[in-house]
Amino acid sequence: MGKHPREALTFVPPVGATPHTFFITLCAIAVTLTLSLTACTPRSSHPTHESLTITSRTLKNANDLHMPSTPTNDGTHVSTALKNNILTVASINSTEDTPQWALDISLTNAPDSSISWPSYSDHSLTGRLMSTAVGALVVSPHGNYVSLALQVTRKQEEEPQLTDQSSTVELASQQRGYVVVLDARTGKTVLTQEVSGFILAQALTNDHLAVETARAYFPAGEGEGTITAFPLDGSAPQAAPTDQWLVGAGRDSLLLSPQPLHHKMCSSPCGPFTLTRISTGGQKLGTITHADKVYRGGWVERYKEPVPDGEASAQAAREVVDVDTGAATDLNGDHAEETGLPTGPGLLMTRRTDPDKQSSPSVPVSWLSAADDGHRHTENLEQFTSK
């Protein structure tokens, strides 16, 4: 009551118009209205969002796979091959060189996009992402999980060569990628997560994936670094800001450093460092002083005594420390190197047959396994003689 009803919109034919000419007039009005409305409707500047597809496949020849590769549990290793915008991932029996499972990872609904290993105009960061401890393909200490970090790039939007660090902040908002965690024993997908910004590092504990992203090629300052820990049981992730570099992981902890621990990226002198050990929830657990190297599986090589920056030498006493148990293995002049064991990641100690000759051959003397309490093994050294 009291309100005037709206009058319906009606079209009255002009005087003398025939039904045919009236129909033509109505069609012209309809076309005009359609064009007007279309012109006023904003068009989306973003392409239809793609999705990641993971499918099982049959792989007959393991020789088709290349790097990167990593040792896993049950006497296997996971290898990859990226070709024609498809990443093939397979578990290979290390003794028989036969595939255990294989799958393809690709994009769907993305004709103008491609996937690749992370590759940035900062080539040093790209090189760091090929490392074994925090690179594009990492393995958990017990060898049961692997994680792959992938970058999505639109073909018409290749990353420009930037010289101004501050300009990367805008570019970071356009960066997207995925991390994929697989069960190394079965190939089953455990986690698929889209991430934005520059991927600086990823690391696996035995039950979490940690991913460090930033708005620049570094975590400090305007980089506004963030470490997000994704539980592998599917529960909610936890994110925390950081100005340090994620450099490794143990069974249940993460390692942070003020320097990236990559020879082309750290400030001179490049070490030694004090590493901070944190939980996957971000709580500080302790520090590891005089650190020099971080290995896949959860080990840190460090100087036993304080060494002034820039004055470290090959003669300085070193040891390898298990970051979770604290077990220390004195190197006594031996050389430590990453190796694969039937249980997954391992560390092999070798010794020159003639310590006074740099060119003398080295022989295995002991080894460590990430699957036990970190004690030194001296048995079964023959398993390394053919490697």
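What this report covers is the structure whose coordinates are included nearby. (Residues numbered from 1 in each chain as written. Predicted model: local features only at pLDDT ≥ 70, side-chain atom pairs only at ≥ 80, totals over all residues. Heavy atoms only, no water.)

1. Examining the overall build of the protein chain
For step 1, the next point in the chain: When helices and strands are counted, the protein chain shows three helices and 24 strands.
For step 2, the next point in the chain: Looking at the protein chain residue by residue over its 387 residues, the buried ones come to 47%. (Helix = DSSP H or I, 4+ residues; strand = E, 2+ residues; numbered from the N terminus. Buried < 20%, exposed > 50% of the residue type's maximum accessible area, 1.4 Å probe, protein only.)

2. Let's talk about unusual backbone geometry
For step 1, the next point in the chain: Of note in this structure, Asn-85 is not a glycine but carries a positive phi near 65°.
For step 2, the next point in the chain: Looking at the element boundaries, Asn-85 is found in the loop between β3 (76-83) and β4 (86-93).
For step 3, the next point in the chain: Phi at Glu-224 takes a positive value of approximately 45°, unusual for a residue other than glycine.
For step 4, the next point in the chain: Inspection of the secondary structure puts Glu-224 in the loop between β12 (208-214) and β13 (226-231).

3. Quick look at the packing of aromatic side chains
Aromatic rings in a pair are described by how distant their centres are and how their planes are angled relative to each other.
For step 1, the next point in the chain: The tally for this structure, following the rule as stated, stands at four aromatic pairs.
For step 2, the next point in the chain: Here Tyr-120 and Phe-198 contribute two aromatic rings whose centre-to-centre distance is 5.2 Å and whose plane-to-plane angle is 85°, an arrangement assigned as edge-to-face. Residue Tyr-120 is located in the loop between β6 (113-116) and α2 (123-128), and its partner Phe-198 is located in strand β11 (residues 198-204); the two are separated by 78 residues in the primary sequence. Here Tyr-120 and Phe-198 have matching classes, each one buried.
For step 3, the next point in the chain: Put simply, the rings of Tyr-120, Phe-198 and Tyr-217 pair up and form one aromatic cluster.
For step 4, the next point in the chain: Over the aromatic face of Tyr-145 sits the side chain of Arg-185, whose NZ or CZ is 5.9 Å from the ring centroid. (Phe/Tyr/Trp six-rings, centres within 6.5 Å; stacked < 30°, edge-to-face > 60°. Lys NZ or Arg CZ within 6 Å of the ring centre and 35° of its normal.)

4. Comments concerning empty space enclosed by the protein
For step 1, the next point in the chain: Summed over the entire model, instances satisfying the criterion amount to one cavity of 30 Å³ or more.
For step 2, the next point in the chain: The computed volume of the largest cavity comes to approximately 70 Å³.
For step 3, the next point in the chain: Taken together, 13 residues form the lining of the largest cavity, with Ala-133, Val-139, Leu-204, Ala-249 and Gly-297 sitting closest to its centre.
For step 4, the next point in the chain: Sorting the residues of the lining of the largest cavity by element identifies β7 (137-139), β11 and β15 (245-249) as the ones contributing at least two each.
For step 5, the next point in the chain: The class makeup of the residues in the lining of the largest cavity is eight nonpolar, four polar and one charged. (1 Å grid on protein atoms, 1.4 Å probe; cavity = no way out; pocket = protein on both sides within 12 Å on 5 of 7 lines; lining within 4 Å. Points joined across faces, edges and corners; volume = space filled by probe spheres on them. Nonpolar A, V, L, I, M, F, W, Y, C, P; charged D, E, K, R; others polar.)

5. Details of the sheet that holds β12
For step 1, the next point in the chain: Taken together, the four strands give an open sheet; going across it, the order is β11-β12-β13-β14, and neighbouring strands pair in antiparallel fashion. Among the strands making up the open sheet, the edge pair consists of β11 and β14 (238-241). Taking the axes of each pair of neighbouring strands and ignoring which way they run, one obtains an average angle of 20° across the sheet.
For step 2, the next point in the chain: Bridging between β12 and β13 involves six bridges; their strand directions are antiparallel. Within β13, the position partnered with His-208 by the bridge is Pro-231. (Pairing = 2+ DSSP bridges. Axes fitted to C-alpha atoms, helices over the stretch in contact; angles between N-to-C directions.)

6. Overview of the sheet that holds β3
For step 1, the next point in the chain: If you trace the five strands from one edge of the open sheet to the other, you get β1-β5-β4-β3-β2, paired in antiparallel fashion. Both edges of this open sheet fall to β1 (51-56) and β2 (66-72), since each of them pairs with a single strand only. Mean inter-strand twist for the sheet, computed between neighbouring axes without regard to direction, equals 20°.
For step 2, the next point in the chain: Here five bridges tie β2 to β3, and the two strands are oriented antiparallel to one another. Its bridge partner lying in β3, Thr-70 is registered against Val-78.

7. Notes on the pairing of strand β8 (residues 145-154)
For step 1, the next point in the chain: Counting buried positions along β8 yields ten of ten residues, so the element is predominantly enclosed.
For step 2, the next point in the chain: Across the two faces of β8 the burial is the same, with Tyr-145, Ser-147, Ala-149, Gln-151 and Thr-153 and Val-146, Leu-148, Leu-150, Val-152 and Arg-154 all buried.
For step 3, the next point in the chain: In the sheet, β6 pairs with β8 via four bridges, with the strands oriented antiparallel. Residue pairing across strands places Ser-113 opposite Arg-154, the latter belonging to β8.
For step 4, the next point in the chain: Examined bridge by bridge, β7 and β8 share three bridges and lie antiparallel to one another. Residue Val-139 lies in a different strand from β8, and its bridge partner there is Val-146.
For step 5, the next point in the chain: Counting the residues in the hairpin turn of β7 and β8 gives five residues, including Gly-143, whose phi is positive at 80°.
For step 6, the next point in the chain: Note: β8 against strand β9 (residues 176-183), eight bridges, orientation antiparallel.

8. A few points about the pattern of salt bridges
For step 1, the next point in the chain: Taken as a whole, this structure holds 14 salt bridges when the rule is applied.
For step 2, the next point in the chain: Arg-251 is paired through a salt bridge with Asp-322; the nearest N and O atoms lie 3.2 Å apart. Of this pair, Arg-251 sits in the loop between β15 and β16 (253-257) while Asp-322 is found in strand β20 (residues 318-322), placing the two residues 71 residues apart along the sequence.
For step 3, the next point in the chain: Here Arg-251 falls in the buried class, since its relative accessible area comes to 17%.
For step 4, the next point in the chain: We classify Asp-322 as buried; its relative accessible area is 2%.
For step 5, the next point in the chain: Between Asp-330 and Lys-304 there is a salt bridge, with its nearest N and O atoms 2.7 Å apart. Linking Asp-330 in strand β21 (residues 328-330) with Lys-304 in the loop between β19 (299-303) and β20, this pair joins segments that are 26 residues apart in sequence. (Salt bridge = Lys/Arg side-chain N within 4 Å of Asp/Glu carboxyl O.)

9. Considerations on the pairing of strand β10 (residues 189-196)
For step 1, the next point in the chain: Bridge count between β9 and β10: seven bridges; the pairing is antiparallel. Residue pairing in the sheet places Arg-176 in a bridge with Ser-196 of β10.
For step 2, the next point in the chain: What sits between the antiparallel neighbours β9 and β10 is a turn of five residues, in which Gly-187 has the positive phi angle 85°.

10. With respect to the environment of Leu-381
For step 1, the next point in the chain: For Leu-381, the location among the structural elements is in the segment after β24 (362-369).
For step 2, the next point in the chain: Spatially, the C-alpha atoms of Leu-381 and Val-365 are 7.1 Å apart, while their sequence positions differ by 16 residues.
For step 3, the next point in the chain: Every residue in contact with Leu-381, bar those within four places of it in the chain, is listed here: Pro-364, Val-365, Ser-366 and Trp-367. (Contact = heavy atoms within 4.5 Å.)

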